[in-house]
Amino acid sequence: MQKYLMQKRIALFLYLIILAFSAIIIRLGYITFYLSNTIDPLAYDLWTREIAVYSSRGKIYDRNGKLIVGNKLALSLASINKQVTNKEQTAQTLADILQCSYEKIYAHLNKKVSVELIKPEGRKIDEITARKIVEANLDGIYLVSDSVRYYPYGDTLSATIGFCGIDGDGLAGLENMYNSYLKPTRGSLNIYTDAKGNLMPDMVSYYESSTPGMDIYLTIDIDVQNILDRVITNAVSRYNPDQAMGLITNVKTGEILAMTSYPFFSAENYQQYPQEIYNRNLPIWMSFEPGSTFKIVTYSAGLEEKKFTLDEIYHDPGYKIVGGARIKDWKAGGHGTETFLQVIENSCNPGFMEIGERLGLDKFYEYLQAYGFGEKTGVDLLGESKGIIFKKSNMGPVELATASFGQGNSTTPIQLVMAASAAVNGGNLLKPYILGNVQTADSKEIVFENKPNIKRKIISNETSDLVKYALESVVARGTGRSAFVEGYRIGGKTGTAQKVGADGRYLENNYIISFLGMAPMNDPEIACYIAIDNPKNTIQYGGVVAAPLVGEVLAEALPTIGIKKDLINQIQKEYRYYIDKMYYTVPDVLGQNKKKLRSSPYYNYVFIGDGETVIDQIPSAGEKIAEGGTIMVYLN
């Protein structure tokens with residue numbers, strides 16, 4: 001009986017063993033053949049060490065497809081710490097190559113992570129440094145592809161474009177605002193290792209590609225931008241100002257063609273500059289009293305409301321009594337008897353106080369707001385200010401009078417330019433913008449495109465035509481004569497604005513000198529604004545400092561964008577011989593003998609090349625040349 005029980009127990013035990021073994025086989029088969037699609041990826045995930053890899057960031061182009069910001073190849077350093085056999089020696093070798101502290105590298109190599117990016121010390125290293133690391137042949141140390149921003153035009157547009165951080169994200173300017181478009185998707189270099197970090201010899205590493213960021217095309221014309229930058233750079237050398245700024249826009253669309261903010265900085269090395277330089281884009285950020293450039297607004301409002309006519313007579317004794325206060329003109333003794341056209345030509349303050357008084361507070365304030373002052377323009381750039389304007393309830397007769405000629409309220413350059421553009425484009429206040437469109441890097445598919453946006457209609461076409469004529473007359477016969485360019489119908493307005501100190505009082509002999517010019521005045525295309533903050537060693541008037549700068553910019557920018565000269569319809573300049581240079585017609589010297597050409601008292605010849613016969617000349621015959629200018633004569 002006992003033997004039978006023993007056999008029975010043994011049989012049961014064997015049966016259980018067979019059952020268990022069968023269950024294991026069935027389970028293994030189930031896992032192998034049925035769950036493999038689920039389990040294999042989990043195993044691969046456990047073995048995989050991912051080293052992040054990024055494709056290039058989206059490029060930034062101007063309106064004509066010229067590269068403004070690109071990328072150049074760089075490499076970054078990563079470590080699989082479990083594979084590093086001698087951390088002390090590896091840390092010292094890398095510290096010597098990267099020229100950083102041993103302690104920092106050693107700390108990276110001792111982190112309990114699968115993969116450690118050695119940053120910032122090992123991010124975006126150059127080719128020479130990368131070669132040294134490869135030659136060191138360090139276990140567990142890898143180089144992965146990376147890129148850094150490339151600026152073919154140096155510090156041009158740096159305040160507008162902004163810059164990227166060490167991780168490639170945009171930190172300022174357009175780089176930050178449109179980071180979601182520009183940033184590439186993440187890729188990786190995938191390496192298989194066991195639990196101890198050793199490479200699995202039978203497993204082949206693989207690469208998951210990164211999708212490059214999208215490219216953005218700006219409304220900027222880089223050729224026009226370079227003209228503006230060069231003129232402002234020369235002005236900085238000449239006048240040593242505290243700050244300087246420039247802005248060029250399309251009058252009809254609101255597109256920004258050029259934007260300059262001085263002091264300049266290098267986006268590639270922004271850390272070397274104070275934050276107050278790289279974090280401010282002056283044409284949209286800086287708010288100050290506009291001075292006489294604001295008179296365009298007052299003048300257009302008065303014309304629209306029919307409060308005066310261009311040929312109406314006004315007498316300026318040199319002051320105006322307002323609310324018991326005697327407010328003086330900028331010119332001692334005043335301008336005497338003049339027309340209201342001459343009021344704007346002469347920038348006569350009492351004349352503009354008269355216009356403001358005729359408009360009245362309610363109507364003046366209505367136009368102040370209609371032109372967009374006291375609110376942001378909505379430009380697609382970071383850091384825009386909205387300026388500061390009087391509260392209507394705090395404005396009395398004196399405040400109305402001073403506001404009429406540009407004192408008391410503060411505005412930004414972009415507000416002022418958009419308001420002046422509305423005054424000459426038929427009365428349409430536009431929303432400015434700098435992003436033209438966004439395209440995919442490979443297929444060039446347009447995923448977003450900006451369009452002109454009219455916010456509101458302010459004045460009639462008829463009034464706008466009168467304003468255009470008046471502003472062209474300012475440049476031909478008034479305070480803006482130094483912006484005159486022979487053949488181009490330029491209009492504009494000077495500005496000499498007092499600056500307010502920390503104590504709320506106006507500073508002595510410290511002004512922001514500006515000029516706002518537009519052309520061609522028969523059908524305005526572009527507006528150019530330049531402001532020089534506290535120029536040194538010069539008479540601080542807009543007509544002396546800023547107007548010639550704008551004239552120089554427009555003389556080059558207009559032919560660059562395809563605007564032809566109009567020598568027939570241009571209002572002829574009224575020369576003042578004690579101030580202005582005279583202009584003379586260039587003679588036709590083609591085919592003449594060199595010996596017959598004699599320099600004129602008014603211009604000089606410079607001969608280029610060998611031979612006796614003239615085969616070409618610059619300027620061409622019939623164009624105008626300033627007194628003392630040069631005619632280049634080419635010989636065969």
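Note that the coordinates shown come from a computational prediction; the quantities given were computed from them, not determined experimentally.

Some thoughts on helix α15 (residues 361-370)
When we look at burial in α15, the residues that qualify are F364, Y365, Y367, L368 and A370. The elements touched by buried residues of α15 are α12 (295-304), α14 (349-359), α16 (397-404), β15 (428-430) and β18 (454-457). A positive phi of about 95 degrees marks G372, the residue just after α15.

Let's talk about the pairing of strand β5 (residues 141-150)
Side-chain direction in a regular strand flips from residue to residue, so the side chains alternate between the two faces of the sheet. Within β5, 7 of the 10 residues are buried, which leaves the element mostly enclosed by the surrounding structure. Judged from the 10 bridges that link them, strand β3 (residues 67-79) and β5 form a sheet pairing that is antiparallel. Note on β5: the bridge partner recorded for G70 is Y150.

Overview of the packing of aromatic side chains
Counting across every chain of the model gives 18 aromatic pairs. Here Y61 and Y217 contribute two aromatic rings whose centre-to-centre distance is 4.8 Å and whose plane-to-plane angle is 15 degrees, an arrangement assigned as stacked. Of this pair, Y61 sits in strand β2 (residues 60-61) while Y217 sits in strand β8 (residues 215-218), and the two are 156 residues apart along the sequence. Note on Y61: relative accessible area 13%, which makes it buried. Among the residues examined, Y217 registers a relative accessible area of 14% and is labelled buried.

A look at the nonpolar core
Formed by 91 residues in total, the largest nonpolar core has its most connected members in L218, I256, Y299, Y371, F373 and M518. Among the elements that take part in this core, helix α17 (residues 413-424) stands out by supplying 9 residues, more than any other. With near-sequence residues (within four places) excluded, L218 lies in contact with I60, Y61, D62, R63, I68, I161, L174, I434, L435 and G436. Formed by 37 residues, the second largest nonpolar core is a distinct cluster that contains A244, I513, I530 and A547.

Points about the packing of α14 against α16
Remark: α14 packs on α16, axes separated minimally by 8 Å, with the N-to-C direction vectors making an angle of 125 degrees. By the angle between their directions, the pair α14 and α16 is classed as oblique. At the point where α14 passes α16, the crossing takes the right-handed sense. Where α14 abuts α16, its residues F352, M353 and G356 lie against L400, A401 and S404. Tallied by class, residues from the contact of α14 with α16 come to 4 nonpolar, 2 polar and no charged.

Quick notes on the side chain of T129
With respect to the helices and strands, T129 occurs in helix α5 (residues 127-136). Setting aside anything within four residues of it in sequence, one finds T129 in contact with I97 and L98.

Brief notes about unusual backbone geometry
Excluding glycine, residues mostly have negative phi values, and the peptide bonds linking residues are mostly trans. Note that the residue after Y262, namely P263, is joined by a cis bond; omega there is 15 degrees. Considering the arrangement of structural elements, one finds P263 in the loop between β10 (256-262) and α10 (275-278). The residue after A519, namely P520, is reached through a cis peptide bond having omega -15 degrees. You can see P520 is positioned in the loop between β20 (506-519) and β21 (526-533). With a phi close to 60 degrees, K306 is a non-glycine residue in the positive phi region. Tracing the backbone through its elements, the reader meets K306 in the loop between α12 and β11 (313-316). Positive phi, close to 60 degrees, is recorded for N534, a residue that is not glycine. As for its position among the elements, N534 is in the loop between β21 and α19 (542-560).

Concerning helix α18 (residues 461-477)
The terminal C-alpha atoms of α18 lie 24 Å apart, and with 17 residues this matches the ideal 24 Å at 1.5 Å per residue to within 8%. Where α18 is buried, its residues touch α12, α13 (340-345), α17, β19 (491-500) and β20.

With respect to the sheet that holds β20
Pairing is antiparallel across the open sheet formed by 5 strands, whose spatial order is β10-β9-β21-β20-β19. Each edge of the sheet is formed by a strand with only one pairing partner; in this case those strands are β10 and β19. Averaged over all pairs of adjacent strands, the angle between their axes in this sheet comes to 10 degrees, without regard to strand direction. Taken together, the 8 bridges between β20 and β21 define a ladder with antiparallel strand orientation. Bridge assignment links F515 to a residue of β21, and that residue is I530. Packing against the sheet, α18 makes contact with β19 and β20, and its axis sits at approximately 80 degrees to β19.

Some remarks on the environment of S287
Position of S287 relative to the elements: it lies in the loop between α11 (282-285) and α12. Relative accessible area serves as the criterion here: at 31%, S287 is assigned to the partly exposed category. Separated by 123 residues in the primary sequence, S287 and S410 place their C-alpha atoms 5.6 Å from one another. With residues up to four places along the chain from it excluded, the contact list for S287 reads G387, I388, S410, T411 and T412. A distance of 2.8 Å separates the side chain of S287 from the side chain of S410, its partner in a polar contact.

Some words on a nonpolar patch on the surface
On the surface, a cluster of nonpolar side chains totalling about 590 Å² of accessible area is made up of M6, I10, F13, L14, I17 and I18. Following the sequence through the fold, I18 ends up in helix α1 (residues 2-34). Look at I18 and you get exposed, because its relative accessible area is 54%.

Brief notes about the layout of surface pockets
Rolled over the atoms, a probe with the dimensions of a water molecule shows which regions are left empty. Here the second largest pocket defines a volume of roughly 1,000 Å³. Surrounding the second largest pocket, 43 residues form its lining, K124, S147, V148, G165 and I166 being those nearest its centre. Contributing elements (two or more residues each) for the lining of the second largest pocket: β1 (48-54), β3, α5 and β5. The residue inventory of the lining of the second largest pocket, partitioned by class, reads 18 nonpolar, 11 polar and 14 charged.

Topic: the pattern of salt bridges
Working definition: two side chains of opposite charge can pair if their charged atoms are close together. A full pass over the atoms with the stated rule returns 27 salt bridges. In this structure, K183 and D169 form a salt bridge, with 3.1 Å as the shortest nitrogen-oxygen distance. Here the residue K183 occupies a position in the loop between α8 (179-182) and β6 (186-192), and D169 occupies one in the loop between α6 (158-161) and α7 (173-177), the gap between them amounting to 14 residues. In this structure, D566 and R489 form a salt bridge, with 4.0 Å as the shortest nitrogen-oxygen distance. Taken together, the positions of D566 in the loop between α19 and β22 (583-585) and R489 in the loop between α18 and β19 put the pair 77 residues apart, joining distant regions of the chain. Just as D566 is buried, R489 falls in that class too.

Cut-offs applied
- Counting of residues starts from 1 at the beginning of each chain's written sequence and follows it residue by residue.
- Where local features are concerned, this predicted model is filtered to residues with pLDDT of at least 70; where side-chain atom pairs are given and counted, the filter is 80 or more; whole-chain, interface and lining totals use all residues.
- Think of the side-chain values as coming from all heavy atoms in the structure, minus any hydrogens and water.
- Summary of the burial criterion: residues with accessible area below 20% of their type's maximum are buried, those above 50% are exposed, and those between are partly exposed, where the area comes from a 1.4 Å probe applied to protein chains only.
- For helices the rule is a DSSP run of H or I covering at least 4 residues; for strands it is a run of E covering at least 2, with both sets numbered from the N terminus onward.
- The contact criterion used throughout is that any non-hydrogen atoms of two residues lie within 4.5 Å.
- Strands are treated as partners if at least two bridges between them are detected by DSSP.
- A pair of Phe, Tyr and Trp rings is counted when the ring centres sit within 6.5 Å of each other, with Trp represented by its six-membered ring. The angle between the planes then sorts it: under 30 degrees is stacked, over 60 is edge-to-face, the rest tilted.
- Only buried residues count toward a nonpolar core. Its members are Ala, Val, Leu, Ile, Met, Phe, Trp, Tyr and Cys residues joined through side-chain atoms within 4.5 Å.
- Axis lines are fitted to C-alpha atoms, over the contacting stretch for helices. Their N-to-C directions set the angle, which ranges from 0 to 180 degrees.
- Oblique is the label for any angle not covered by the other classes, which are roughly parallel (under 35 degrees), roughly antiparallel (over 145) and roughly perpendicular (65 to 115).
- By definition, turning the near helix anticlockwise from the far helix through less than a right angle yields a left-handed crossing, and turning it clockwise yields a right-handed one.
- Classification convention: Asp, Glu, Lys, Arg as charged; Ala, Val, Leu, Ile, Met, Phe, Trp, Tyr, Cys, Pro as nonpolar; all other residues, Gly among them, as polar.
- One less than the residue count of a helix, multiplied by 1.5 Å, gives the span that helix is expected to have.
- Between N or O atoms, a polar contact is any pair within 3.5 Å; within protein, one atom must be a potential hydrogen donor and the other a potential acceptor, and residues adjacent in sequence are included only when both atoms are from side chains.
- To count toward a patch, a residue needs a relative accessible area above 30% and no salt bridge. Like charges then connect within 9 Å, nonpolar side chains (Val, Leu, Ile, Met, Phe, Trp, Tyr) within 5 Å.
- Only the protein chains shown count as cover for residues, with accessible areas throughout obtained via the Shrake-Rupley method and a probe of 1.4 Å.
- By definition here, a salt bridge exists when the distance from a side-chain nitrogen of Lys or Arg to a carboxyl oxygen of Asp or Glu is within 4 Å.
- Buriedness for pockets is judged along seven lines, at least five of which must meet protein on both sides within 12 Å for an open set on the 1 Å grid over protein atoms alone, while cavities are sets there where a 1.4 Å probe fits but cannot get out, and lining residues have an atom within 4 Å of a point.
- Grid points are joined across faces, edges and corners, and a volume is the space filled by probe spheres set on the points.

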